[in-house]
Amino acid sequence: MSGGQVAKFNKAAKPKKKRPAPISLRVTEEERALLKERAGRRSVNAYIRQKVFGDDASPRRSYRRPQTDDAAISQALAVLGQSHLASNLNQIAKAANIGTLPVTTDLVSELQSACADIRQMRDALIFALGLTSKG
């Protein structure tokens, strides 16, 4: 493009699919809580669709609402806050990039400790979010 020309993109190139209008259903707070409880790890919408249409429900993107464990998440965040992982790893990377990283037994020990902290935080977050570890 030259001299003040502005590129114009053709919005008609990808027509958006028209989505059907949503169906609204008013429920009490107690009914909403019951729906959430019965839905379990599914979204409330997925639960309602399954109850209304059964096996005839058209497939949707799968979505699981994670069950959070606030205490476990708080613990993981506390471990993260108490560590200086980001700062320390940045300093190590900087030293490695400029070739001034002395590989000492202390450094190896600190790196192993940092890896253990990261594994602990990862495991705690996986548990808190109700996920399963893949290794």
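Analysis parameters
- Residues numbered from 1 in each chain as written.
- Predicted model: local features only at pLDDT ≥ 70, side-chain atom pairs only at ≥ 80, totals over all residues.
- Heavy atoms only, no water.
- Helix = DSSP H or I, 4+ residues; strand = E, 2+ residues; numbered from the N terminus.
- Buried < 20%, exposed > 50% of the residue type's maximum accessible area, 1.4 Å probe, protein only.
- Contact = heavy atoms within 4.5 Å.
- Salt bridge = Lys/Arg side-chain N within 4 Å of Asp/Glu carboxyl O.
- Axes fitted to C-alpha atoms, helices over the stretch in contact; angles between N-to-C directions.
- Parallel < 35°, antiparallel > 145°, perpendicular 65-115°, else oblique.
- Left-handed = near helix turned anticlockwise from the far one by under 90°.
- Nonpolar A, V, L, I, M, F, W, Y, C, P; charged D, E, K, R; others polar.
- Polar contact = N/O pair within 3.5 Å; in protein donor to acceptor, adjacent residues only side chain to side chain.
- pLDDT = per-residue confidence, 0-100.
- Patch = residues over 30% accessible without salt bridge, like charges linked within 9 Å, V, L, I, M, F, W, Y side chains within 5 Å.
- Areas by Shrake-Rupley, 256 points an atom, 1.4 Å probe, with all protein chains shown as cover.

Peer 1: Looking at this structure, I do not really get the overall build of the protein. What am I missing?
Peer 2: The number of helices and strands found in the protein is 5 helices and 0 strands. For the protein, the sequential pattern of α-helices and β-strands runs α-α-α-α-α. Taken over 135 residues, the protein has a buried fraction of 13%. Within the protein, contacts between residues at least 6 apart in sequence are counted, and of these 56% link residues at least 24 apart.

Peer 1: Which parts of the structure should I look at to understand the pattern of salt bridges?
Peer 2: Oppositely charged side chains are able to pair whenever their charged atoms sit close together. Evaluation of the coordinates by the stated rule reveals 1 salt bridge. The partner of D123 in a salt bridge is R122, and the shortest N-O contact between them spans 3.5 Å.

Peer 1: Is there a simple way to explain the packing of helix α3 (residues 70-82) against helix α5 (residues 105-128) in this structure?
Peer 2: When two helices pack together, their arrangement is captured by the angle between the axes and the distance separating the axes. Interhelical geometry of α3 versus α5 gives an angle of 160° and a closest axis separation of 8 Å. Classified by the interaxial angle, the pair formed by α3 and α5 is roughly antiparallel. At the point where α3 passes α5, the crossing takes the left-handed sense. Contacts between α3 and α5 involve A72, I73, A76, V79 and L80 from the former and Q120, M121, A124, L125, F127 and A128 from the latter. Its residues assigned to classes, the contact of α3 with α5 shows 10 nonpolar, 1 polar and no charged.

Peer 1: Mind showing me how you'd approach the packing of helix α1 (residues 29-39) against helix α2 (residues 44-53) here?
Peer 2: With their axes 9 Å apart at the nearest point, α1 and α2 run at an angle of 85° to one another. Between α1 and α2, the angle is such that the two are roughly perpendicular. Taking contact as the criterion, the partners of L35, K36, R38 and A39 in α1 are, on α2, V44, Y47 and I48. Residues belonging to the contact of α1 with α2 are distributed by class as follows: 5 nonpolar, no polar and 2 charged.

Peer 1: Can you walk me through the side chain of S43 in this structure?
Peer 2: Along the chain, S43 turns up in the loop between α1 and α2. By relative accessible area, S43 is classed as buried at 18%. Looking at S43, its side chain comes within polar contact range of the main-chain nitrogen of A46, at 3.0 Å.

Peer 1: So what exactly am I meant to see when it comes to the confidence of the model for the protein here?
Peer 2: Detailed reading of the predicted model is not advised wherever pLDDT is low. Scored by pLDDT, the protein has a mean of 77; 79% of the residues are at 70 or more. At the level of individual helices and strands, the protein shows its lowest average pLDDT in α3, which scores 76, and its highest in α1, which scores 93.

Peer 1: Mind showing me how you'd approach a nonpolar patch on the surface here?
Peer 2: A surface patch of nonpolar side chains, amounting to about 210 Å² of accessible area, comprises L89, L111 and I118. Relative to the elements of secondary structure, L111 occurs in helix α5. According to the relative accessible area criterion, L111 is partly exposed, its value standing at 30%.

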